[in-house]
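The primary structure of each chain is shown beneath.
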Amino acid sequence: KNQVEQSPQSLIILEGKNCTLQCNYTVSPFSNLRWYKQDTGRGPVSLTIMTFSENTKSNGRYTATLDADTKQSSLHITASQLSDSASYICVVRFTGGGNKLTFGTGTQLKVEL
Amino acid sequence: KAGVTQTPRYLIKTRGQQVTLSCSPISGHRSVSWYQQTPGQGLQFLFEYFSETQRNKGNFPGRFSGRQFSNSRSEMNVSTLELGDSALYLCASSLVDPTVADTQYFGPGTRLTVL
């Protein structure tokens, strides 16, 4: 079982609508949690980075939240645009046992007219 | 400012061969990290370097190795290639130690195909 689970696996929404992507992790302690956006055929682009002590971080229409007690993070996209169509990946840096990065399997988002 | 560059962009090798991939970070960045991306496993962490020192290593066999030079450029090497090594290899750079919550900037990747 992956230590970082993302849901849903895929999502289709209409342009202009909002959506929320989920990231649940099972291992702690951790030092930071990141959200990336990856367009097909390109490298990931950083959206937000939160340390374990932060609850929320915004980047334009993207807002990430973190609840360290429930080990959950979410990425909220407001007023979606066609260009938001991409894979969204959650990454957690665990500090126990070697300070390793663990990636979620991603949520594939498609925004349609 | 130029972004992260990776060379070559595409590579075809046969089983048993070895390969070296190169990454040039953004000017002034001292940290370089490497990742492997496959359709089945998604993104996986290979290793990360800061000021020529390997800071952390992922769960990959010893056939995968890397290094960072004094100008922050980095190379990764895969020896005795296997079919399962076919993947997109991504490099990312950041200004400071990679364990710090600093923004990473990714290159376009090197697409390696092993026949």
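Residues numbered from 1 in each chain as written. Chains lettered and ligands numbered in written order. Predicted model: local features only at pLDDT ≥ 70, side-chain atom pairs only at ≥ 80, totals over all residues. Heavy atoms only, no water.

Caption draft 1: Molecular detail of the interface of chain A and chain B. If you look at the interface, chain A gives 17 residues, while chain B gives 20 residues. Between chain A and chain B the total buried area reaches about 1500 Å² when both faces are included, carbon and sulfur atoms providing 54% of it. Taken together, chain A and chain B are joined by 1 salt bridge. With a shortest N-O distance of 2.9 Å, Glu48 of chain B and Arg93 of chain A are connected by a salt bridge. There are 6 residue pairs in polar contact (both at pLDDT 80 or more) connecting chain A and chain B. Breaking the side of chain A that touches chain B down by element, the ones donating at least two residues are strand 4 (30–38), strand 5 (45–51), strand 9 (86–94) and strand 10 (100–103) of chain A. Counting residues per element, the side of chain A that touches chain B draws most heavily on strand 4 of chain A, at 5 residues. Tallied by class, residues from the side of chain A that touches chain B come to 6 nonpolar, 8 polar and 3 charged. (Contact = heavy atoms within 4.5 Å. Buried area = accessible area lost by both parts, 1.4 Å probe. Salt bridge = Lys/Arg side-chain N within 4 Å of Asp/Glu carboxyl O. Polar contact = N/O pair within 3.5 Å; in protein donor to acceptor, adjacent residues only side chain to side chain. Helix = DSSP H or I, 4+ residues; strand = E, 2+ residues; numbered from the N terminus. Nonpolar A, V, L, I, M, F, W, Y, C, P; charged D, E, K, R; others polar.)

Caption draft 2: Spotlight on the sheet that holds strand 7 (residues 62–67) of chain A. All names here are of chain A. If you walk across this open sheet you meet the 5 strands as 1-3-8-7-6, and the pairing is antiparallel. Of all the strands in the sheet, the pair left with one neighbour each is strand 1 (4–7) and strand 6 (56–59). Averaged over all pairs of adjacent strands, the angle between their axes in this sheet comes to 15 degrees, without regard to strand direction. Where strand 6 meets strand 7, 4 bridges bridge the pair, whose relative direction is antiparallel. Paired with Thr56 across the strands is Thr65, a residue of strand 7. (Pairing = 2+ DSSP bridges. Axes fitted to C-alpha atoms, helices over the stretch in contact; angles between N-to-C directions.)

Caption draft 3: Region of interest: the side chain of Thr48 of chain A. Residue and element names in this part refer to chain A. Within the secondary structure, Thr48 is located in strand 5. For Thr48, a relative accessible area of 2% corresponds to the buried category. If we ignore the near neighbours within four places in the chain, the residues touching Thr48 are Leu33, Arg34, Trp35, Lys57, Asn59 and Ala64. (Buried < 20%, exposed > 50% of the residue type's maximum accessible area, 1.4 Å probe, protein only.)

Caption draft 4: Broad picture of the packing of aromatic side chains. The final tally for this structure, using the stated rule, is 8 aromatic pairs over all chains. Measuring from ring centre to ring centre gives 6.3 Å for Tyr62 of chain A and Tyr88 of chain A, while their planes differ by 45 degrees; the resulting arrangement is tilted. Linking Tyr62 of chain A in strand 7 with Tyr88 of chain A in strand 9, this pair joins segments that are 26 residues apart in sequence. Through a chain of ring-to-ring contacts, the aromatic side chains of Tyr36 and Phe103 of chain A together with Tyr35, Phe45 and Phe106 of chain B assemble into a single cluster. (Phe/Tyr/Trp six-rings, centres within 6.5 Å; stacked < 30°, edge-to-face > 60°.)

Caption draft 5: The arrangement of the state of the cysteines in detail. All names here are of chain A. Evaluation of the coordinates by the stated rule reveals 2 disulfides over all chains. Here Cys23 pairs with Cys90 through a disulfide, and the sulfurs are 2.0 Å apart. The sign of the S-S torsion, about -65 degrees, decides the handedness of the disulfide formed by Cys23 and Cys90: left-handed. Highlighted residues: Cys23 in strand 3 (residues 19–25) and Cys90 in strand 9, separated in sequence by 67 residues. Taking relative accessible area as the criterion, Cys23 reaches 0% and is therefore assigned buried. Free cysteine Cys19: the closest other cysteine sulfur is in Cys23, separated by 15 Å. (Disulfide = S-S within 2.5 Å.)

Caption draft 6: Region of interest: the sheet that holds strand 1 (residues 5–7) of chain B. Residues and elements named next belong to chain B. One open sheet accounts for 4 strands, arranged 1-3-8-7; its pairing is antiparallel. Bordering the open sheet on either side are strand 1 and strand 7 (64–68), each of which pairs with just one other strand. Shown here is a sheet whose adjacent strand axes are inclined to one another by a mean of 15 degrees, direction ignored. Looking at chain direction, strand 1 and strand 3 (residues 19–24) are connected through 3 bridges and run antiparallel. Of the residues in strand 3, the one forming a bridge with Gln6 is Cys23.

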